[in-house]
Amino acid sequence: VQLQAFGGGLVQAGGSLSLSCAASGLTLGTYAMGWFRQDPGKEREFVAAIRWSGGGTYYADSAKGRFTISGDNAKNVLYLQMNSLKPEDTAVYYCAAAVTGSIATVRRTSTYIYWGQGTQVTVSS
């Protein structure tokens, strides 16, 4: 299984970036896919997730109103549209896939068993 994230880069505060993630080699359907981010020296944190069953989307408080997650389960692709970016959004962003889970666990890193390599997002002030 391979997940590849694309679309990171350098942007000024207030700008926008769109991240994409493509998954291959998944022989079983996924329960959910999500985006996480990590700063050096910090724990990986939840950003947003989408549950394919029911189509529910979930966001960290820091992402609500600014980020939008979307995707296509049949094609195993995931997107994250990030608007009104802030310097504190600077991090490596990872996409991930879970094959099981629940509403209660969709925000947990431990729920996701497949991870992409990450893409750097840098927001300058």
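Throughout this document, residue positions are counted from 1 along each chain, in the order its sequence is written. In keeping with the model being predicted, local features are shown solely for residues with a pLDDT of at least 70 and side-chain atom pairs are shown and tallied solely at 80 or more, while totals for entire chains, interfaces and linings include all residues. Heavy atoms throughout the structure, all of them, feed into the side-chain values; hydrogens and water do not.

This brings us to the sheet that holds strand β1 (residues 2-6). Pairing between strands requires that DSSP locate at least two bridges from one strand to the other. The numbering of helices and of strands both runs from the N terminus, where a helix is a DSSP run of H or I of at least 4 residues and a strand a run of E of at least 2. An order of β1-β3-β8-β7 is seen for the four strands of this open sheet, with the pairing classed as antiparallel. Lying at the two open borders of the sheet, with one neighbouring strand each, are β1 and β7 (67-72). Geometrically, the sheet is characterised by an average inter-axis angle of 15 degrees between neighbouring strands, direction not taken into account. Direction of pairing for strand β3 (residues 17-24) relative to strand β8 (residues 77-82): antiparallel, over a ladder of six bridges. When the sheet's bridge partners are listed, Ser18 is paired in β8 with Gln81. Angular values range over 0 to 180 degrees, each being the angle between N-to-C directions of two axes fitted as lines to C-alpha atoms, with helices fitted over their stretch in contact.

This part is about the pattern of salt bridges. Here, a salt bridge means any side-chain nitrogen of Lys or Arg that lies within 4 Å of a carboxyl oxygen of Asp or Glu. Summed over the entire model, instances satisfying the criterion amount to five salt bridges. Of the charged contacts in the structure, one is a salt bridge between Arg37 and Glu45, with a shortest N-O distance of 2.6 Å. Taking relative accessible area as the criterion, Arg37 reaches 6% and is therefore assigned buried. Three labels apply to residues, based on accessible area from a 1.4 Å probe with only protein chains included: buried if under 20% of the type maximum, exposed if over 50%, partly exposed otherwise in between. For Glu45, a relative accessible area of 38% puts it in the partly exposed group. Here the salt bridges share partners, and the residues they tie into one network are Arg37, Glu45, Arg66 and Asp89.

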